[in-house]
Amino acid sequence: MHNHGINRLFNAYQKLYSHPMPRLIRIHHILHWGFIFLTTISSTLQATPFEIKIHDELIADLHESSFEIETNLYQPSAAQGIGSNVFQTRLEYAYGIAQGNEIAVNAFFSKYNGVSYFNGGKIGQMFVPAHDEEGIWHYGIKNEIVYLQDIGRQNQFFFEMTPILALQLAKWRFTINPAVDFGLNRSGGVAFAPTGKIAYSTSPNTSIGAEYYSEMSNTTNVFPVSQRFNTAYLVIDSKIEKSTINFGVGKGTNLNSDNWVVKFIAAIGF
């Protein structure tokens, strides 16, 4: 969503270098476009999301509430220019307005370089239609409006649509969230950010698995894997009555991604 324009800058470089203008003027133009190019590159650098979660069928019951807290601690990539680890927190309150239908509000906070920040929030609606809970296929959808001041980046304002698709095969569960973001600010744009999870139930209330998060940038311009923000996690999930816990350790898979990430999510229904 943030990388469109890089190809145009490369084309501008090529034209300037071949243009028959005086050498000093040409160098000036090349330095000028080089600065813009570096600025564009820096704006594409990703930070670990405030929400590192695979959406499944966990939803507030009718006329009941749930509270969720998520924290993550990560080592930013060297390209982000942050001199310390980053600690992020997400707080969520959700309420079941109808059977299989909830609304939620989130707030984002962070701390790095010894300073605490409020980074925005989001409002969301999640719908999981009635279906066979013991069946193979499980599905739903989540819609959110997000205002975010990301770590070291400009403000973002977008609408996110996240389909929820899951396949249950005995003790194995496969879940994908092929999320699409639609920019609502001046820059607009559309981004495809698929995530997925494979989990194995070790007991009725505990599972272990792996999660994968990726941002493929503008859907009309798919970028090479080396330029995407990709992170893989090993996770453990546990249920205690109406409460759930998710703990994971992740690692960026390329230079654009963060180094190590530790995340913890706790949700309580009441």
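Here we come to the overall build of the protein chain. Looking only at helices and strands, the protein chain has two helices and 12 strands in total. In sequence order, the secondary structure elements of the protein chain are arranged as α-α-β-β-β-β-β-β-β-β-β-β-β-β. Buried residues in the protein chain amount to 46% of all 270 residues. When the accessible surface of the protein chain is totalled, it reaches about 14600 Å², and 66% of it is carbon and sulfur.

To continue, consider the sheet that holds strand 12 (residues 260–269). Pairing is antiparallel in the closed barrel, where 12 strands are placed in the order 1-2-3-4-5-6-7-8-9-10-11-12. On average, each strand axis in the sheet is tilted by 20° relative to the strand beside it, whichever way the strands run.

What follows concerns unusual backbone geometry. In the Ramachandran plot, Asn113 falls in the positive-phi region, its phi being about 55° despite a non-glycine side chain. By secondary structure assignment, the location of Asn113 is in the loop between strand 3 (101–112) and strand 4 (115–127). The class for Asn113 is partly exposed, based on a relative accessible area of 43%. One non-glycine residue, Ala170, lies in positive phi territory at about 55°. Mapping Ala170 onto the fold places it in the loop between strand 6 (155–169) and strand 7 (172–183).

Structurally, the position occupied by Ala98 is in strand 2 (residues 86–98). Along the primary structure Ala98 and Leu62 are separated by 36 residues, whereas in three dimensions their C-alpha atoms are 5.3 Å apart.

Turning our attention to the environment of Ser77. Within the secondary structure, Ser77 is located in the loop between strand 1 (65–74) and strand 2. With 183 residues separating them along the chain, Ser77 and Trp260 place their C-alpha atoms 9.4 Å apart.

Glancing now at the pairing of strand 8 (residues 190–203). In this structure, strand 7 lies alongside strand 8, joined through 11 bridges in antiparallel fashion. By the bridge assignment for strand 8, Ile176 is matched with Gly196. Bridge count between strand 8 and strand 9 (residues 206–215): eight bridges; the pairing is antiparallel. Each residue of the ladder has a partner; that of Ser201, found in strand 9, is Ser207.

Rules used in this analysis
- Residues numbered from 1 in each chain as written.
- Predicted model: local features only at pLDDT ≥ 70, side-chain atom pairs only at ≥ 80, totals over all residues.
- Heavy atoms only, no water.
- Helix = DSSP H or I, 4+ residues; strand = E, 2+ residues; numbered from the N terminus.
- Buried < 20%, exposed > 50% of the residue type's maximum accessible area, 1.4 Å probe, protein only.
- Areas by Shrake-Rupley, 256 points an atom, 1.4 Å probe, with all protein chains shown as cover.
- Pairing = 2+ DSSP bridges.
- Axes fitted to C-alpha atoms, helices over the stretch in contact; angles between N-to-C directions.

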